[in-house]
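Architecture and fold: a report
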Amino acid sequence: GAVVSQHPSWVICKSGTSVKIECRSLDFQATTMFWYRQFPKQSLMLMATSNEGSKATYEQGVEKDKFLINHASLTLSTLTVTSAHPEDSSFYICSGELVTGELFFGEGSRLTVL
Amino acid sequence: AQSVSQHNHHVILSEAASLELGCNYSYGGTVNLFWYVQYPGQHLQLLLKYFSGDPLVKGIKGFEAEFIKSKFSFNLRKPSVQWSDTAEYFCAVKGKAAGNKLTFGGGTRVLVKP
């Protein structure tokens, strides 16, 4: 199957700093990528839909100024958590969508904000 | 709004037992249905999917699922589980009228005792 890779897989940062997470589709071009957040022992919640070359579409309740998404190429989308606070600590997962509609997920990035 | 419901949060069973995980969705119209598995410490992997055709879908690792349109259900089954099936299982639904966004159920944590 298709491969999606995230980097970093684990990041610890101080409160108030910004953190960038990269999501790459390694062997396919993803016009659309999705960013999810997963709290401990909970399901994945869609944060935003990232479309190559255009602005991301955010789900209700997700602050677009806090979670900046850039999808500059067909193989790379980035999520930047700006001015991170402890409540932003979570597991962030991206997925790339094939033309068939099937999604492939990255390994996830665990963010811990001290 | 589209929602996905998984009936069991936790399931504990012994090896060789049969497994059935329930999944119901609220949304009508054309849908694509998925089951994903997340093994401890790993990323989401696709077990199987239904887009159209035969409502009984066979996936990897001996799993299968049956789409029953009248019941808005897509239950996952495995006749005989192994210890290595210990994981969290997520049902997910994507529908055109909901913007083709993948909505996840709450997940079911399965523990198979050796």
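This write-up is about the structure you can find in this document. Numbering of residues starts from 1 in each chain and follows the order in which that chain's sequence is written. Chain letters and ligand numbers both follow the written order, the letters beginning at A and the numbers at 1. Local features in this predicted model are restricted to residues whose pLDDT is 70 or higher, and side-chain atom pairs enter the listing and the counts only when it is 80 or higher, whereas totals over whole chains, interfaces and linings include all residues. As a rule here, side-chain values cover all heavy atoms of the structure and leave hydrogens and water aside.

Turning our eyes to something else, we now look at the overall build of chain A. Put simply, DSSP marks the helices as runs of H or I at least four residues long and the strands as runs of E at least two long, and each gets a number from the N terminus on. When helices and strands are tallied, chain A shows 0 helices and 11 strands. The N-to-C order of helical and strand elements in chain A reads β-β-β-β-β-β-β-β-β-β-β. We take the radius of gyration over the C-alpha atoms and set the globule estimate at 2.2 Å times the residue count to the 0.38 power. A globule of 114 residues ought to have a C-alpha radius of gyration of about 13 Å, and chain A, at 13 Å, matches this closely. By principal-axis analysis of the C-alpha atoms, chain A measures approximately 40 × 25 × 20 Å. Burial classes follow relative accessibility: with a 1.4 Å probe on protein chains only, a residue under 20% of its type's maximum area counts as buried, one over 50% as exposed, and anything between as partly exposed. Taken over 114 residues, chain A has a buried fraction of 52%. Residue contacts are counted whenever heavy atoms from the two residues lie within 4.5 Å of one another. Expressed as a percentage of contacts within chain A between residues at least 6 apart in sequence, the contacts between residues at least 24 apart total 53%. For every accessible area listed, the method is Shrake-Rupley and the probe measures 1.4 Å; residues are considered covered only by the protein chains on display. Accessible surface, chain A: about 5600 Å² in total, of which carbon and sulfur atoms supply 54%. Counted as positive: Lys and Arg. Counted as negative: Asp and Glu, with His and the chain ends omitted from the count. By convention, the point assigned to a charge is CZ for Arg, NZ for Lys, CD for Glu and CG for Asp. Placing the 9 positive and 11 negative side-chain charges of chain A at their respective mean positions leaves the two points 8 Å apart.

What follows deals with the interface of chain A and chain B. In this complex, chain A contributes 19 residues to the contact, which on the side of chain B involves 17 residues. Taken together, the two surfaces of chain A and chain B that pack against each other cover about 1400 Å², and 56% of this comes from carbon and sulfur. What gets called buried area is simply the loss in accessible area from a 1.4 Å probe that two parts show on being joined, summed for both. Area buried by chain A at its contact with chain B is led by Ser 43, Glu 102 and Phe 105 of chain A, which between them contribute 32% of it. Take a side-chain nitrogen of Lys or Arg and a carboxyl oxygen of Asp or Glu: if they are within 4 Å of each other, that pair is a salt bridge. Summed over the shared surface of chain A and chain B, the result is 3 salt bridges. In this structure, Glu 59 of chain A engages Lys 101 of chain B in a salt bridge whose closest nitrogen and oxygen atoms are separated by 2.9 Å. Two N or O atoms form a polar contact when they lie within 3.5 Å of each other; inside protein one atom must be a possible hydrogen donor and the other a possible acceptor, and for residues adjacent in sequence the pair counts only when both atoms belong to side chains. Linking chain A with chain B are 7 residue pairs in polar contact (both at pLDDT 80 or more).

All right, on to the nonpolar core then. What is meant by a nonpolar core is a set of buried Ala, Val, Leu, Ile, Met, Phe, Trp, Tyr and Cys residues, joined one to another through side-chain atoms within 4.5 Å. With 29 residues, the main nonpolar core has Trp 35, Leu 48, Phe 74, Leu 76 and Tyr 89 of chain B as its most contacted residues. Residues contacting Phe 74 of chain B, with those up to four places away along its chain left out, are Cys 23, Leu 33, Phe 34, Trp 35, Leu 48, Tyr 50, Val 57, Ala 65, Glu 66 and Phe 67 of chain B. Ile 21, Met 33, Met 47 and Leu 111 of chain A belong to the second-largest nonpolar core, a separate cluster that totals 24 residues.

All names here are of chain B. Two rings belonging to Phe, Tyr or Trp (six-membered ring only in the last case) form a pair when the distance between their centres is within 6.5 Å. Interplanar angles under 30 degrees mark stacking, angles over 60 mark edge-to-face geometry, and anything in between is tilted. Applying the stated criterion across every chain yields a total of 12 aromatic pairs over all chains. Considering the side-chain rings of Tyr 36 and Phe 104, the 5.9 Å spacing of their centres and the 45° angle between planes classify their relative orientation as tilted. Taken together, the residues span a long stretch of sequence, with Tyr 36 in strand β5 (residues 31–38) and Phe 104 in strand β11 (residues 102–104) at a distance of 68 residues. Their ring planes at 35° and their centres at 4.7 Å tell us that Tyr 50 and Phe 67 sit as a pair that is tilted. Here Phe 67 lies in strand β8 (residues 64–68) and Tyr 50 lies in strand β6 (residues 44–50), a separation of 17 residues in the sequence.

What follows deals with the environment of Thr 49 of chain A. Within the secondary structure, Thr 49 of chain A sits in strand β5 (residues 44–51). For the pair Thr 49 of chain A and Phe 34 of chain A, spaced 15 residues apart in sequence, the C-alpha separation works out to 4.6 Å. Once you skip the residues sitting within four places of it in the chain, Thr 49 of chain A turns out to touch Thr 32, Met 33, Phe 34, Ala 56 and Thr 57 of chain A together with Lys 101 of chain B.

This part is about the state of the cysteines. All names here are of chain A. When two cysteine sulfur atoms are found within 2.5 Å, that pair is recorded as a disulfide. This structure, assessed with the given rule, holds 2 disulfides over all chains. Note on cysteine connectivity: Cys 23 is disulfide-linked to Cys 94, with sulfurs 1.9 Å apart. Handedness here is read from the sign of the S-S torsion; for Cys 23 and Cys 94, about 80°, the answer is right-handed. Of the two residues, Cys 23 is situated in strand β3 (residues 19–25) and Cys 94 in strand β9 (residues 90–97); the sequence distance between them amounts to 71 residues.

Before going further, it helps to examine the sheet that holds strand β1 (residues 4–7) of chain A. All names here are of chain A. One open sheet accounts for 4 strands, arranged β1-β3-β8-β7; its pairing is antiparallel. Each edge of the open sheet is held by one strand with a lone partner, namely β1 and β7 (67–73). Strand-to-strand, the axes of this sheet are offset by a mean angle of 15°, without reference to chain direction. For two strands to be treated as a pair, DSSP must find no fewer than two bridges joining them. Pairing between β3 and strand β8 (residues 76–81): 6 bridges, direction antiparallel. Residue pairing across strands places Cys 23 opposite Ser 77, the latter belonging to β8. Between N-to-C directions, angles span 0 to 180 degrees; the directions come from axes that are lines fitted to C-alpha atoms, helices contributing only their stretch in contact.

Let's shift gears to the environment of Ala 16 of chain B. As for its placement among the helices and strands, Ala 16 of chain B is situated in the loop between β2 (10–14) and β3 (19–21). On the accessibility criterion, Ala 16 of chain B (54% relative accessible area) is exposed.

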